[in-house]
Amino acid sequence: MAHIRKISWMLILLALLWGPSMGQDKAVDSNVSRAGEKSFQSIVNADGFTCVECHYFDEPDSINWNPSAMDLAGRVPIYNAEGIGVYFSDLKGAVLKKAHAGLSLSAEEQSELIAYLNHLKADPYLASTPTRWRMFLFLGMFLFLILLRVEKKRMDKLPKVARRILGIAAWGVIGVILVQDALGFNLSKNYAPVQPIKFSHLIHATNNKIECNYCHPGVLKGKNAGIPPVSLCMNCHRHQQEGTRTGKFEIRKVLQAAEDSVAIRWVRIHNLPDFAYFNHMQHVTIGGVECITCHGVVEDMHIVEQVEDLSMGWCIKCHDETKVDFSNNYYKTYYPALNDSLLTGRMDSIMVSDINGRECSICHY
Ligand code: HEC
Ligand code: HEC
Ligand code: HEC
Ligand code: HEC
Ligand code: HEC
Ligand code: HEC
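What counts as what
- Residues numbered from 1 in each chain as written.
- Chains lettered and ligands numbered in written order.
- Predicted model: local features only at pLDDT ≥ 70, side-chain atom pairs only at ≥ 80, totals over all residues.
- Heavy atoms only, no water.
- Helix = DSSP H or I, 4+ residues; strand = E, 2+ residues; numbered from the N terminus.
- Buried < 20%, exposed > 50% of the residue type's maximum accessible area, 1.4 Å probe, protein only.
- Contact = heavy atoms within 4.5 Å.
- Areas by Shrake-Rupley, 256 points an atom, 1.4 Å probe, with all protein chains shown as cover.
- Near = heavy atom within 4 Å.
- Polar contact = N/O pair within 3.5 Å; in protein donor to acceptor, adjacent residues only side chain to side chain.
- Nonpolar A, V, L, I, M, F, W, Y, C, P; charged D, E, K, R; others polar.
- Donors = N, O, S within 2.8 Å, 3.2 Å for Na, K, Ca; no water.
- Tetrahedral: all angles 85-135°; square planar, octahedral: opposite > 155°, others 65-115°.
- Axes fitted to C-alpha atoms, helices over the stretch in contact; angles between N-to-C directions.
- Parallel < 35°, antiparallel > 145°, perpendicular 65-115°, else oblique.
- Left-handed = near helix turned anticlockwise from the far one by under 90°.
- Patch = residues over 30% accessible without salt bridge, like charges linked within 9 Å, V, L, I, M, F, W, Y side chains within 5 Å.
- Salt bridge = Lys/Arg side-chain N within 4 Å of Asp/Glu carboxyl O.
- Lys, Arg positive; Asp, Glu negative; His and termini not counted.
- Charge placed at Lys NZ, Arg CZ, Asp CG, Glu CD.
- Phe/Tyr/Trp six-rings, centres within 6.5 Å; stacked < 30°, edge-to-face > 60°.
- pLDDT = per-residue confidence, 0-100.

*Asks:* So, the overall build of the chain: which residues are in play, and what are the values?
*Replies:* Helix and strand content of the chain: 20 helices and 0 strands. The buried share of the chain, taken over its 365 residues, is 26%. Sequence separation of at least 24 residues holds for 67% of the intrachain contacts in the chain that already meet a minimum separation of 6. Summed over all atoms, the accessible surface of the chain reaches about 25200 Å², with 61% contributed by carbon and sulfur.

Pasting the structure below:
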């Protein structure tokens, strides 16, 4: 008993000593980071732009080539080790030289800025993973409803009204999540997510004339187009280490991924449900359909956007309206009866739908 009392006293004493000092640390820390925030919003470069005007917070609709504030926050461990002085004095690279012209920060301002960026990184809003969260919440609500039922059967202590209100609230949460996710399904048209690297099709496919197949060789050979691995980017970026728009920042992510042998986590855009089957080779190589027909003018996009809804109606509409080229021996061999109809003039053209293009089983199995 005496031991316990002694230990409790010691703990209370410790708490009294520690608590305020911890609070003080935090207060000092947040003063420093607040000073950093002020600099971030007010110090201007030679052209009169503040840091935050380039190092933005809101993801823009059109591409912003500068690193975002969050991009910088992600590099805090490196700034802690190496400082950020070099980005303001020894300006390596044309883009950095132009962007940071006329900026000179004192050592104090630099460490305040790092504290501020570190504070951003700690922002729980960014660390959260909403989908998993929602899943747990969704399942949790069902568990909660079961518990309510058990309580009623076994204990029956809660007032009836309370049980009813809790039940309605749980169903409410389930309903909201369901409705939002159902709406999310229809959002896939015009879907243009922010990617981990500002990779631009316009720069690569149009300006540098790289063929689609060079990076998506799967289109000619099989079901999936595939997204190129880092090693393919490295064919060029081993040498090309600075971009005209992004400077070194974005290409360095490519070099880093190659060095660490990790895959870049591109966000998938076009995605059919598992129960629908689509094959690229069949459409591109055999059917002769161009990428542009289904994906829009990707070669003009800085950020890829899904332009079609990829619904069943969309697939079938095209199958109904697209002629099959029967001069191709492939069809002559596989559909001799249809070929005869063409030759005898009984049919003047044959649509994809005529060669099973409307059969449920070709797309669902
Ligand atoms: C230098 C390599 C490269 C070239 C050339 C290239 N792509 Fe891509 N493509 C990528 C990368 C990397 C991604 C993933 C990042 C993104 O979505 O922007 C991608 C994504 C896509 C997507 C979206 C994939 C998804 O997740 O749904 C489509 C569609 C696409 N490319 C079509 C094309 C077409 C059409 C061309 C030719 C005009 C082309 N690509 C040329 C590298 C390339
Ligand atoms: C066939 C060569 C080639 C391949 C393959 C290639 N790139 Fe590039 N990339 C270039 C060239 C050339 C530039 C410079 C364009 C410029 O600055 O105008 C560039 C620029 C960039 C830029 C910076 C754009 C700018 O203007 O700042 C990024 C980011 C980039 N590439 C990412 C990638 C990624 C990711 C891959 C792999 C999926 C890839 N590249 C594959 C040739 C290539
Ligand atoms: C005109 C736009 C612009 C302004 C203003 C600007 N920056 Fe930058 N900043 C850039 C660009 C672009 C890069 C990337 C250049 C590169 O990597 O070649 C960069 C790079 C950086 C980096 C290094 C990123 C890294 O880890 O490689 C830091 C840190 C940084 N900026 C902080 C600041 C601060 C702090 C201010 C304000 C005092 C500021 N910037 C003002 C455009 C700007
Ligand atoms: C007939 C329509 C159609 C044509 C033509 C087409 N695609 Fe696709 N593409 C799709 C559909 C549908 C998906 C989604 C597939 C899925 O989720 O299984 C897709 C997905 C993709 C993806 C995402 C990654 C993957 O492995 O599926 C890329 C990249 C892509 N297409 C590139 C291309 C390129 C490059 C071409 C031209 C050579 C092309 N596509 C031609 C309909 C088409
Ligand atoms: C822009 C026109 C177009 C669109 C859109 C399109 N297709 Fe097709 N599809 C074709 C053509 C042309 C062929 C004929 C190629 C062949 O003979 O294999 C074909 C053939 C097929 C075949 C093989 C038919 C057979 O009898 O062997 C399947 C399966 C298929 N498409 C699935 C789909 C699915 C799934 C979608 C939607 C996600 C889709 N297609 C969207 C044009 C299209
Ligand atoms: C040319 C390809 C194609 C053919 C033929 C086809 N489907 Fe589909 N179907 C799809 C695609 C793609 C989806 C997924 C659409 C989406 O993501 O909403 C789909 C979705 C569905 C769904 C899910 C509900 C929905 O609308 O999303 C059902 C059920 C279905 N198909 C039944 C059928 C039946 C029955 C047939 C035969 C009469 C058939 N399908 C023929 C491509 C096809």
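There's more to say after this.
*Asks:* If you had to explain the site of ligand 6 to someone new, which residues and values would you point to?
*Replies:* Close to ligand 6 lie 14 residues; M312, E359, C360, C363 and H364 are nearest. Within the side chain of H364, an N or O atom sits 2.7 Å from a nitrogen atom of ligand 6. Of all the secondary-structure elements, those providing two or more residues to the shell around ligand 6 are α17 (312-321) and α20 (360-363). With 3 residues, α17 is the single largest residue contributor to the shell around ligand 6. In terms of residue class, the shell around ligand 6 is made up of 9 nonpolar, 3 polar and 2 charged.

*Asks:* Describe the coordination of the iron atom of ligand 3, listing the residues and the values that go with them.
*Replies:* Of the protein atoms, only H55 (NE2) and H100 (NE2) coordinate the iron atom of ligand 3, at distances of 2.0 Å. Of note is the iron atom of ligand 3, whose 6 donor atoms meet at the metal with angles of 87 to 179 degrees in an arrangement that counts as octahedral. With a gap of 45 residues between them, H55 in the loop between α2 (51-54) and α3 (69-73) and H100 in the loop between α5 (94-99) and α6 (107-121) connect regions that are remote in the sequence. Grouping residues by exposure puts H55 and H100 together as buried.

*Asks:* Can you break down the packing of helix α13 (residues 230-237) against helix α14 (residues 249-260) residue by residue, with the values?
*Replies:* Direction vectors running N to C along α13 and α14 enclose 120 degrees, while the axes themselves pass 10 Å from each other. Judged by the angle between their axes, α13 and α14 are oblique. Where α13 crosses over α14, the two elements pack in a sense that is left-handed. Touching V230, C233, M234 and H237 of α13 are I251, V254, L255, A257 and A258, all from α14. When its residues are assigned to classes, the contact of α13 with α14 shows 8 nonpolar, 1 polar and no charged.

*Asks:* An account of the side chain of H55 is needed here, citing residue identities and associated values.
*Replies:* Its relative accessible area of 11% is what places H55 among the buried residues. Contacts of H55, omitting those with residues within four sequence positions, involve F40, P67, S68, A69, L72 and H100.

*Asks:* Before we move on, could you go through the side chain of K198 and cite the residues and values that matter?
*Replies:* Within the element layout of this structure, K198 appears in the loop between α9 (160-186) and α10 (201-207). By relative accessible area, K198 is classed as buried at 16%. Among the polar contacts made by the side chain of K198, one reaches the main-chain carbonyl oxygen of N64 at a distance of 2.9 Å. Those residues in contact with K198 that sit more than four places away from it in its chain are Y56, I63, N64, W65, N66, P67, S68, D71 and E250.

*Asks:* I'd like a description of the site of ligand 2, backed by residues and values.
*Replies:* Ligand 2 sits among 22 residues. The nearest are H204, C233, C236, H237 and R245. Take T246: an N or O atom from its side chain is 2.6 Å from an oxygen atom of ligand 2. Of all the secondary structure elements, the ones that give two or more residues to the shell around ligand 2 are α10, α13 and α14. Per-element accounting of the shell around ligand 2 gives the leading share, 4 residues, to α13. A per-class count over the shell around ligand 2 returns 12 nonpolar, 7 polar and 3 charged.

*Asks:* Would you mind going over a positive patch on the surface in detail, with residue names and values included?
*Replies:* Taken together, the side chains of R149, K152, K153, R154, K160 and R164 make up a positively charged region of the molecular surface. Looking at the positive patch, the elements that each hand over two or more residues are α8 (130-154) and α9. In terms of residues, the positive patch owes the most to one element, α8, which gives 4 residues. Within the secondary structure, K160 sits in helix α9.

*Asks:* Describe the packing of aromatic side chains, with residues and values.
*Replies:* All chains considered together, the criterion is met by 6 aromatic pairs. Residues Y79 and Y87 carry aromatic rings whose centres are separated by 6.0 Å and whose planes lie at 70 degrees to one another, so their mutual orientation is edge-to-face. Assessed through its relative accessible area of 5%, Y79 is described here as buried. Between F199 and W266 the ring centres are 6.2 Å apart and the planes differ by 70 degrees, which places this aromatic pair in the edge-to-face class. Pair noted here: F199 is in the loop between α9 and α10 and W266 is in the loop between α14 and α15 (280-286), with a separation of 67 residues, a long-range link. Relative accessible area serves as the criterion here: at 33%, F199 is assigned to the partly exposed category.

*Asks:* I'd love a proper account of the confidence of the model for the chain, names of residues and values included.
*Replies:* In the predicted model, the chain carries a mean pLDDT of 87, and 87% of its residues have values of at least 70. Summarising per-element confidence for the chain, the mean pLDDT is lowest in helix α7 (residues 124-127) (45) and highest in α10 (98). In this model, residues 13-24 is a region of pLDDT below 50 whose contacts with residues beyond four sequence positions or in other chains number 2 contacts. Note that pLDDT drops below 50 for residues 124-129; the model gives that stretch 2 contacts with residues more than four away or on any other chain.

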